[in-house]
Amino acid sequence: MAPPAEITIPTTSLQTPRDNSKPYTLYNITLRLPLRTFVVQKRYSDFAALHQALTSLVGTPPPAPLPGKSWFKSTVNSPELTEDRRLGLESYLRAIAESPDRRWRDTPAWRTFLNLPSISSTGNSAASVRAGYGIPNGDAANAAAAQDPGTWLDLHGEMKRDLQEARRCLAKRDSATDNSTALEAGSAAKKALVKAGGLLTVLINGLRAMQDARRLGEGEIRRRKDLLAAARVEREDLDKLSTAVSAAMKASQRAMPSAADKTALIGNGPKTRGRVLGVPLPETERTRELDNQGVVQLQRQMMKEQDEDVEGLTKIIRRQREMAEAIHREVEEQTVMLDHVNEQADVVSTKVNVAKNRTKKLS
């Protein structure tokens, strides 16, 4: 049996409708599953509807009471009421999630409330989570998740997977033998890059909010900024590669090779254009379908990526050197202080001996 989901409500968000109606409070429910962590945003009225549905379906109320509604205060204007209600709603959800009685957790209302797979698909729940089931795509939910140190890393991992998917689709497009496959792979790469770009923006804003709230140390803030800088460079490189190869594909479609070109490529006729196979270096999936200009462009792209990796490594080494020099200065200062303490200890010891000698003379 799968372990129960870890449920917390670390933060809240104030939401103002687009029609400028009365604002309300959203509770950012964080669910930590064995394979994924994600955030679900709910209002207090959603909790009230869940409580009513659970009581109606099971026949008895959940093990913990639902925090009562306040008729004289509003969570929009009362931070104390917001905090008390947040703690009460968190205890309410955790009591249901950690209770030995599974009747409330097995209801469709509970699983729909938390965006979990239904009971009928429990056999495929792991695959559903890996595929992104239940991960909110709304900007508000992602923004709330990016302001938590734990879920920030999960969103960063999601962004890295999107970049890897874009790179895989670009490689598949470059090695495609027909236009339909190439177009499909190129479209999938663009979609992954757009999603990664959105997550990158959310992560930058979330890290800035955590820095302002002092929820992370300076060292961790710098480390995460380096991660975002590397991800931004990787996404820009993939976007450039996608655009450049797309232009090359369109040009090749406008000028289809002739029968003489195909014969020259095979080797049964005069060689007019294209690359000759059988060179000393073996062909790879990334170079097999490229001409000379494409190989040169790919080589330049790889050299640029290597230069950027070396530059990033240089920054890390430079920071490590600065830290080592700071530690060295601190050790030297501590050594001087210890020497001073030793000197003072010798002075005190001499004075104690003099006092002892005077005491013996007096006795």
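Residues numbered from 1 in each chain as written. Predicted model: local features only at pLDDT ≥ 70, side-chain atom pairs only at ≥ 80, totals over all residues. Heavy atoms only, no water.

Colleague: I keep staring at the overall build of the chain and nothing clicks. Help me out?
Modeller: What the chain contains, in helices and strands, is 10 helices and three strands. Counting every position in the chain, which comprises 363 residues, the buried fraction comes to 31%. Summarising the internal contacts of the chain: among those between residues at least 6 apart in sequence, 60% fall at separations of at least 24. If you sum the accessible surface of the chain, you get close to 23400 Å²; carbon and sulfur atoms cover 55% of it. (Helix = DSSP H or I, 4+ residues; strand = E, 2+ residues; numbered from the N terminus. Buried < 20%, exposed > 50% of the residue type's maximum accessible area, 1.4 Å probe, protein only. Contact = heavy atoms within 4.5 Å. Areas by Shrake-Rupley, 256 points an atom, 1.4 Å probe, with all protein chains shown as cover.)

Colleague: Any chance you could explain the side chain of Asp-162 here in plain terms?
Modeller: Along the chain, Asp-162 falls in helix 6 (residues 149–174). Since its relative accessible area comes to 9%, Asp-162 is described here as buried. In this structure, Asp-162 is in contact with Ala-192, Lys-195, Ala-196 and Leu-199, ignoring residues within four places of it in sequence.

Colleague: Looking at this model, I keep getting lost on the side chain of Thr-8. Mind explaining?
Modeller: Residue position: Thr-8 is located in strand 1 (residues 6–15). The exposure class of Thr-8 is buried, given its relative accessible area of 17%.

Colleague: What am I meant to see in the packing of helix 6 against helix 7 (residues 179–212) here?
Modeller: Any two packed helices are characterised by how steeply their axes cross, that is the angle between the axes, and by the distance between the axes. One way to put it is that helix 6 packs onto helix 7 with a least axis distance of 8 Å and a crossing angle of 160 degrees. Considering the angle they form, helix 6 stands roughly antiparallel to helix 7. In the packing of helix 6 onto helix 7, the handedness of the crossing is left-handed. The class makeup of the residues in the contact of helix 6 with helix 7 is 20 nonpolar, four polar and six charged. (Axes fitted to C-alpha atoms, helices over the stretch in contact; angles between N-to-C directions. Parallel < 35°, antiparallel > 145°, perpendicular 65-115°, else oblique. Left-handed = near helix turned anticlockwise from the far one by under 90°. Nonpolar A, V, L, I, M, F, W, Y, C, P; charged D, E, K, R; others polar.)

Colleague: Looking at this structure, how should I read the packing of helix 1 (residues 44–58) against helix 2 (residues 79–98)?
Modeller: At their nearest, the axes of helix 1 and helix 2 sit 12 Å apart, and the two run at 30 degrees to each other. With respect to their mutual orientation, helix 1 and helix 2 come out roughly parallel. Considering the relative orientation of helix 1 and helix 2, their crossing is left-handed. Contacts between helix 1 and helix 2 involve Tyr-44, Phe-47, Leu-50, His-51 and Leu-54 from the former and Arg-85, Leu-89, Tyr-92, Leu-93 and Ile-96 from the latter.

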